[in-house]
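Structural features, examined
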Amino acid sequence: MPPALADVLDRIARAAKACGRAPRDVTLVAVSKMQPWERIEPVLAAGQAVFGENRVQEAMERWTPYRERIELRLIGPLQSNKAKEAVAFFDVIESLDREKLARALAGEVQRQGRSPRLYVQVNTGEEPQKAGVAPADADAFIAACKATYDLAVEGLMCIPPAAEPPGPHFALLAKIAARNGLSKLSMGMSDDFETAIRFGATSVRVGSALFGAR
């Protein structure tokens, strides 16, 4: 096993145990976006089976030969015109954040008879340059996804502002999830995944700590 993978898995396990959780309840999503294959291959060979990609096209080019071996998550912004490919190729889409996209995904789920698991992305810091629904609009959007578009949303995702402590953002996401009956929380990256686990993350998205800087 690559030392970086062993280290990250050990840190996840220790963080989970420290707050009374089972390590198996936290999924490591290896963020392979824009990484060269020679860095990804040893991690895949060691048994890592969940990977995160930012772009539909890049993911299809990279992962098509290995598709049956892994769970693939789309963690970057999704354009509505890519909904067809995304529904066909990904197991999980974590960046559902607007009605136009909900409508497009619902149409493709109906057409293809295939439904990826869905997470709503919440822009907890309300940063204008970032995707995600505003926290104040999250309840109504989640309700619309379920009732209007018949989408089975299972969790929430966030990317806290880089310049702020992440804890309050993770706490906010957990609170929104709890009141909407959602059990999955995708939060925490290389610099803050241990904090995210303390606040209830069920999956952490780790890139540079696994693969090195892009």
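Up top is the structure.
Residues numbered from 1 in each chain as written. Predicted model: local features only at pLDDT ≥ 70, side-chain atom pairs only at ≥ 80, totals over all residues. Heavy atoms only, no water.

1. Thoughts on the pattern of salt bridges
Stated formally: Think of a salt bridge as a Lys or Arg side-chain nitrogen and an Asp or Glu carboxyl oxygen that are within 4 Å of each other. Numbering of helices and strands starts at the N terminus; helices are DSSP runs of H or I of at least 4 residues and strands are runs of E of at least 2. Three labels apply to residues, based on accessible area from a 1.4 Å probe with only protein chains included: buried if under 20% of the type maximum, exposed if over 50%, partly exposed otherwise in between.
Applying the stated criterion to the full structure yields 15 salt bridges. Between D10 and R14 there is a salt bridge, with its nearest N and O atoms 2.9 Å apart. With D10 and R14 both in helix 1 (residues 3–18) and four residues apart, the pair spans about one turn of that helix. For D10, a relative accessible area of 37% translates into the label partly exposed. The partner of D97 in a salt bridge is R98, with the nearest N and O atoms 2.7 Å apart. A relative accessible area of 31% places R98 in the partly exposed class. Within this structure, E71, R73, E94, R117 and E154 form a network of salt bridges that share partners.

2. Regarding the side chain of D192
Condition: The charged-residue count follows a simple rule in which Lys and Arg add positive charge and Asp and Glu add negative charge, with His and chain termini not counted at all. By definition in these notes, contact holds between two residues if any of their heavy atoms fall within 4.5 Å.
Position of D192 relative to the elements: it lies in the loop between strand 7 (184–186) and helix 8 (193–198). Buried charge without a partner: D192 forms no salt bridge, and the closest opposite charge is R205, 7.2 Å away. In contact with D192, other than residues within four places in its own chain, are P166 and F170.

3. Let's talk about the environment of S208
The condition is simple: We define a polar contact as two N or O atoms separated by no more than 3.5 Å, with the added condition that, inside protein, one atom must be a possible hydrogen donor and the other a possible acceptor, whereas residues neighbouring each other in sequence contribute only through side-chain atom pairs.
Within the fold, S208 resides in helix 9 (residues 208–211). Relative accessible area serves as the criterion here: at 44%, S208 is assigned to the partly exposed category. S208 sits 168 residues away from I40 along the chain, and the two C-alpha atoms are 11 Å apart. Contacts of S208, omitting those with residues within four sequence positions, involve S190 and A213. One polar contact links S208 to S190, side chain to side chain, over a distance of 3.3 Å.

4. Re unusual backbone geometry
Positive phi, normally seen in glycine, also occurs at M34, with a value near 65°. Here M34 shows up in the loop between strand 1 (27–31) and helix 2 (37–45). Positive phi values are uncommon outside glycine, yet D150 reaches one of about 55°. Within the element layout of this structure, D150 appears in the loop between helix 6 (135–147) and strand 6 (153–157). Overall, the relative accessible area of 60% leaves D150 in the exposed class.

5. A look at the packing of aromatic side chains
To keep things clear, this is the line we draw: Between the rings of Phe, Tyr and Trp (Trp by its six-membered ring), a pair exists once the centres lie within 6.5 Å; its type follows the angle of the planes, with under 30 degrees stacked, over 60 edge-to-face, and the other angles tilted. Ring-over charges, as used throughout, are those where CZ of Arg or NZ of Lys falls within 6 Å of the ring centre and within 35 degrees of the ring normal.
Overall, the coordinates contain five aromatic pairs when judged by the stated rule. On the basis of an interplanar angle of 40° and a centroid distance of 4.6 Å, the ring pair of F51 and W63 is categorised as tilted. Within this pair, whereas F51 is found in strand 2 (residues 50–53), its partner W63 is found in helix 3 (residues 56–63), the two being separated by twelve residues in sequence. W63 matches F51 in its accessibility class, with the two residues each being buried. Linked through ring pairs, W37, F51, W63 and Y66 together constitute an aromatic cluster. Directly above the aromatic system of F89 lies the positively charged group of R67, at a separation of 5.2 Å from the ring centroid.

6. So, the pairing of strand 5 (residues 117–121)
In plain terms, the rule: Strands were regarded as paired on the criterion that DSSP finds at least two bridges between them. Seen with its strands pointing away from the viewer, a crossover is right-handed if its path from the first strand over the helix to the second goes clockwise.
Of all five residues making up strand 5, four are buried, and the element is well covered by its neighbours. Bridge count between strand 4 (residues 92–96) and strand 5: three bridges; the pairing is parallel. Its bridge partner being in strand 5, V92 is matched across the sheet by R117. What joins strand 4 to strand 5 is helix 5 (residues 99–112), and the crossover it makes is right-handed. Sheet topology note: the strand 5/strand 6 ladder contains four bridges and is parallel. By the bridge assignment for strand 6, Q121 is matched with M157. Between the parallel pair strand 5 and strand 6, the chain is carried across by helix 6, and the sense of this crossover is right-handed.

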